[in-house]
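# Breakdown of the fold
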Amino acid sequence: MPELPEVETTVRGLRPVLEGHRLARVEPRRADLRRAIPQDLRQRMTGAVVTGLRRRAKYGLIDTDRGDTLIFHLGMSGRWRIDPDGIGAHDHLLVETEAGRLLALNDPRRFGSLDLVETAGVDEWPAFRALGPEPLGPDFGVAHLARMFEGRVAPIKLLLLDQRIVAGLGNIYVCEALNMARIDPRKPAGRIGRAKLALLASAVREVLAAAIEAGGSTLRDYARPDGELGYFFKQFRVYGREGEACSCGGTILRQVDGGRSTFACPKCQR
DNA sequence: ATTAGGCCCTGCGCGC
DNA sequence: TGCGCGCAGGGCCTAA
């Protein structure tokens, strides 16, 4: 379930296991995920000390004292298993610390990725250079949205999913934020007034912060080898709730936009 | 320059 | 019980 809050939760869960620890074993179990896994990953990571973990958009970053940064993306189905009870078919990377903790990057669909780049140049990494601002950072707000949406006729939902405009939103939280701000997902982005955009910017920050909070509260579950990630889904307003009642009393509809499900309330989202 | 659509891959839940 | 179908949190590529 990896959108921004899930990756943030993952990074926070990995931090106590990895930060400050030397890696005794780094072992890819296959040659590729979405794309090839760097062939020198094992050699460059084994013996290194992890100096820190961070997140950028939906990517997790693991910095080492050798000046390298391991960048992981969880795709649709990726997650890290902590001290797993055995190695499974979809555990594609094993990481073991000198302290004896074992991590397994598990990703059945293999839409995720692993890359190793020099820490000093990480901001210039091609996938990062094109990213828009962090939605929880200082550069995101109504002014940014207004600037990016000006003159655009594409549905606002599709633009919010564009990582070049805002980095880290996915299908769930876009649906949630649009419902909170009472905006029709199909409305042309450039025709949405500034007051609505202000509501939207606030909704984006609010829903992400709440989801991180919920994920943080379930780190114990996350850390179990068979654990699932986060339980914010219990708080979804519209996502996955087709036919149920919106908080306004309307009935939530599911429609398909750009090949992906959109959940929205036709009564209050206009 | 945008945007629509297809594709990558596996697993799960549903209806028959 | 078994099988086929649709669907899934993402991102990248092509073609119009």
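Residues numbered from 1 in each chain as written. Chains lettered and ligands numbered in written order. Predicted model: local features only at pLDDT ≥ 70, side-chain atom pairs only at ≥ 80, totals over all residues. Heavy atoms only, no water.

An unreviewed UniProt entry annotates chain A as Formamidopyrimidine-DNA glycosylase of Sphingomonas oleivorans. Taken directly from UniProt, the Sequence similarities (unreviewed entry) text for chain A runs: "Belongs to the FPG family." UniProt, in the comment section headed Subunit (unreviewed entry), describes chain A in these words: "Monomer." (UniProt positions renumbered as here; feature names shortened; annotations may be inferred.)

## Focus on the domain arrangement of chain A
For chain A, the assigned domains are domain 1 (4-129) and domain 2 (142-264). Each of domain 1 and domain 2 has a C-alpha centre, and the two are 27 Å apart. (Domains from an automatic or database assignment.)

## Some thoughts on the UniProt feature "active site" (unreviewed entry) in chain A
Listed under "active site" (unreviewed entry) in the UniProt record, and renumbered for this structure, are P2, E3, K58 and R260. Within the fold, E3 resides in the segment before α1 (4-18). Summarising the element assignment, K58 is placed in the loop between β2 (50-56) and β3 (59-64). On the basis of relative accessibility, which here comes to 14%, the residue K58 falls in the buried class. With residues near it in sequence (within four places) discarded, K58 still touches P2, E3, L4, V7, F72, H73, Q163, G168, L169 and G170. (Helix = DSSP H or I, 4+ residues; strand = E, 2+ residues; numbered from the N terminus. Buried < 20%, exposed > 50% of the residue type's maximum accessible area, 1.4 Å probe, protein only. Contact = heavy atoms within 4.5 Å.)

## Things to note about α1
The terminal C-alpha atoms of α1 lie 20 Å apart, and with 15 residues this matches the ideal 21 Å at 1.5 Å per residue to within 8%. Most of α1 is tucked away: twelve of the 15 residues are buried. Among all positions in α1, only L4, P5, E6, V7, E8, T9, T10, V11, G13, L14, V17 and L18 are buried. Directly after α1, the chain includes G20, whose backbone phi takes a positive value near 85°. (Expected span 1.5 Å × (residues − 1).)

## As for the pairing of strand β6 (residues 91-97)
Among the seven residues of β6, six are classified as buried, and the element is accordingly described as predominantly covered. Bridge count for strand β1 (residues 23-28) against β6 is five bridges, and the pairing is antiparallel. Bridged to P28 within β6 is L93. Pairing between β6 and strand β7 (residues 102-106): five bridges, direction antiparallel. From the neighbouring strand, D91 faces β7, where its bridge partner is N106. Linkage of β6 to β7, two consecutive antiparallel strands, is achieved through a turn of four residues, within which G100 is found at a positive phi near 95°. (Pairing = 2+ DSSP bridges.)

## A look at the protein's contact with DNA strand C
Taken together, the neighbourhood of DNA strand C is formed by 18 residues, with R34, K58, Y239, R260 and S261 sitting nearest. Across the atoms of DNA strand C situated within 4 Å of the protein, the share located in sugar and phosphate is 53%. In the environment of DNA strand C, a phosphate oxygen lies 2.7 Å from a nitrogen or oxygen atom belonging to the side chain of K58. For DNA strand C, a phosphate oxygen lies 2.6 Å from a polar atom in the side chain of R260. Every element with two or more residues in the surface near DNA strand C is listed here: α6 (171-180) and β10 (260-264). Residue composition of the surface near DNA strand C, grouped by class: six nonpolar, six polar and six charged. (Near = heavy atom within 4 Å. Polar contact = N/O pair within 3.5 Å; in protein donor to acceptor, adjacent residues only side chain to side chain. Nonpolar A, V, L, I, M, F, W, Y, C, P; charged D, E, K, R; others polar.)

## So, the protein's contact with DNA strand B
R34, H90, P108, R109, R110, F111, R152, V153, A154 and L158 make up every residue found near DNA strand B. Here the atoms of DNA strand B within 4 Å of the protein split so that 61% fall in sugar or phosphate, with bases taking the remainder. R34 is positioned such that a nitrogen or oxygen atom in its side chain is 3.4 Å from a base oxygen of DNA strand B. Between R109 and DNA strand B, the recorded distance is 2.8 Å, taken from a side-chain N or O atom to a base oxygen. Residues of the surface near DNA strand B, tallied by class, amount to five nonpolar, one polar and four charged.

## Observations concerning the sheet that holds strand β5 (residues 79-82)
As summarised here, the arrangement of the four strands in space is β1-β6-β7-β5, forming an open sheet in which the pairing is antiparallel. The open sheet has two edge strands, β1 and β5, and neither has a second partner. Going across the sheet, the axis of each strand differs from the next one's by a mean of 15°, ignoring polarity. Where α1 meets the sheet, its contacts fall on β1, β5, β6 and β7, and the angle it forms with β5 comes to roughly 35°. (Axes fitted to C-alpha atoms, helices over the stretch in contact; angles between N-to-C directions.)

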